[in-house]
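Observations on the three-dimensional arrangement
These are the residues of each chain, in order.
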Amino acid sequence: RLVDQVSAVFVPVVLVLAIFTLLGWWLTGHTFEVALIHAVAVLVIACPCALGLATPAAIMAGTGVAAKHGILIKDAQALELAHKVDVVAFDKTGTLTVGKPKLTALSVAAGMDEVELLRVAASLQSGSEHPLARAVVQAARTKDLAFEDPGNVRAVPGRGSEGEVGVRSFLIGSLRWMDELGVDVRSLATQAAELQAQGATVSAMAERTTDGLTLRALMAFGDEPKPGAKEALTALRARGIKTVMISGDNKGAAEAMARRLGLRPEEGEVMAEVLPGDKAARVVALKEGGHTVAMVGDGVNDAPALAAADVGMAMGNGTDVAMHAAGITLMRGDPLLVAAALEISDRTVAKIRQNLFWAFFYNAAGIPLAALGYLSPVVAGA
């Protein structure tokens with residue numbers, strides 16, 4: 001757009017200069033043929049195509065280099081904007097962590113059978129693609145438990161799911177959801193606090209009874225940092241870029257993982273307990289604070305945030321929806337590629353500016369020489 005604006009002025013100016021050159025030479029006593037030759041030299045030496053090529057040539061080179069490194073840039077605007085990024089927001093699960101949590105603890109209420117509750121939980125979660133649901137199913141398979149087909153299963157985005165196993169009705173979800181529903185979790189509150197302090201993601205399991213919703217168990221899940229994630233955050237910080245982790249986890253679990261990754265919760269680098277629908281709002285809030293924001297995510301619920309960011313980066317091992325919403329896809333799913341993408345943007349924009357400088361310099365030097373008669377059209381053409 002910048003080059004289009006410049007060319008819109010540049011071309012008429014050159015035409016006017018050529019007319020003035022023609023009139024100037026002719027009216028000062030030279031033959032019309034000489035005046036015309038100098039005017040033609042001005043037109044020949046003027047090169048709007050140099051301006052027109054300056055940007056796309058550099059962007060083609062930049063996207064080609066990026067592709068060799070596993071960075072797929074489908075939106076040239078993202079490449080042009082990325083060098084201005086001063087805040088990078090990361091989704092936690094699957095982006096900074098491996099995204100394959102394991103069930104690390106199951107605390108059941110008094111009088112409950114731990115094995116039976118695990119079997120029920122796995123049955124209820126058997127049709128879900130959520131990482132925590134898969135962890136429950138895997139834990140049950142490890143113990144060779146038999147599943148039942150659940151009935152009337154309903155997912156509640158950002159909170160959990162509910163359904164029927166046999167004739168009993170259960171809910172599995174976050175402690176915040178249980179609090180919203182009025183479930184009394186005091187009997188296992190101490191265990192929940194201890195598990196969260198250890199960095200575990202804690203979910204609760206409740207049953208619908210004649211007395212209302214009754215807490216049956218707590219489930220703790222643990223995930224591991226993705227290889228290279230800590231180094232990626234360090235590399236971004238070395239570039240003077242602020243990094244932020246956005247997570248739906250409880251504050252304790254999110255901050256514990258953040259510290260393992262080298263993030264500083266006390267400096268506002270962790271946003272915990274963020275519902276999927278609120279991620280985009282958090283990104284917009286960062287933008288409204290005067291920042292140029294890149295969002296890095298991999299899941300369906302990251303797509304609105306990726307679209308809301310100035311630059312959206314999707315992990316190539318994530319969902320198709322996330323990749324469609326993002327301008328840049330990191331094909332290897334490696335967080336280190338985030339810094340590499342910003343570096344390629346820096347170099348591409350620097351090359352665009354260099355190209356524009358030489359295009360202007362060449363025209364600024366050549367047009368006066370042609371107008372003053374120092375260049376013939378043949379030399380100007382060469």
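First, a word on scope: everything that follows refers to the structure included in this document.

Rules used in this analysis
- Residues numbered from 1 in each chain as written.
- Predicted model: local features only at pLDDT ≥ 70, side-chain atom pairs only at ≥ 80, totals over all residues.
- Heavy atoms only, no water.
- Axes fitted to C-alpha atoms, helices over the stretch in contact; angles between N-to-C directions.
- Helix = DSSP H or I, 4+ residues; strand = E, 2+ residues; numbered from the N terminus.
- Parallel < 35°, antiparallel > 145°, perpendicular 65-115°, else oblique.
- Contact = heavy atoms within 4.5 Å.
- Nonpolar A, V, L, I, M, F, W, Y, C, P; charged D, E, K, R; others polar.
- Buried < 20%, exposed > 50% of the residue type's maximum accessible area, 1.4 Å probe, protein only.
- Polar contact = N/O pair within 3.5 Å; in protein donor to acceptor, adjacent residues only side chain to side chain.
- Core = buried A, V, L, I, M, F, W, Y, C linked by side-chain atoms within 4.5 Å.

This part covers the packing of helix α1 (residues 2–27) against helix α3 (residues 48–68). Put simply, α1 and α3 touch, their axes get as near as 10 Å, and they point 180 degrees apart. As summarised for this structure, α1 and α3 are arranged roughly antiparallel, according to the angle between their axes. Residues Val3, Val6, Ser7, Phe10 and Val11 of α1 form the contact with α3, whose own contacting residues are Pro48, Leu51, Gly52 and Thr55. In terms of residue class, the contact of α1 with α3 is built from 6 nonpolar, 3 polar and no charged.

Locating Thr201 in the fold gives a position in strand β7 (residues 201–209). The exposure class of Thr201 is buried, given its relative accessible area of 11%. Among the polar contacts made by the side chain of Thr201, one reaches the side chain of Asp249 at a distance of 2.8 Å. The residues contacting Thr201, other than those within four sequence positions of it, are Leu132, Met219, Ala220, Phe221, Asp249, Asn250 and Ala253.

Right, let's talk about the nonpolar core for a bit. Counting residues in each nonpolar core, the largest one holds 53 residues, and the members touching the most others are Ile71 and Val88. Looking at this core element by element, the count peaks at 11 residues for helix α15 (residues 336–371). Dropping the residues within four chain positions of it, Ile71 is found in contact with Ala66, Ile328, Thr329, Leu330, Leu337, Ala340, Ala341 and Ile344. Counting 20 residues, the second largest nonpolar core, distinct from the first, contains Val136, Leu145, Met205 and Phe221.

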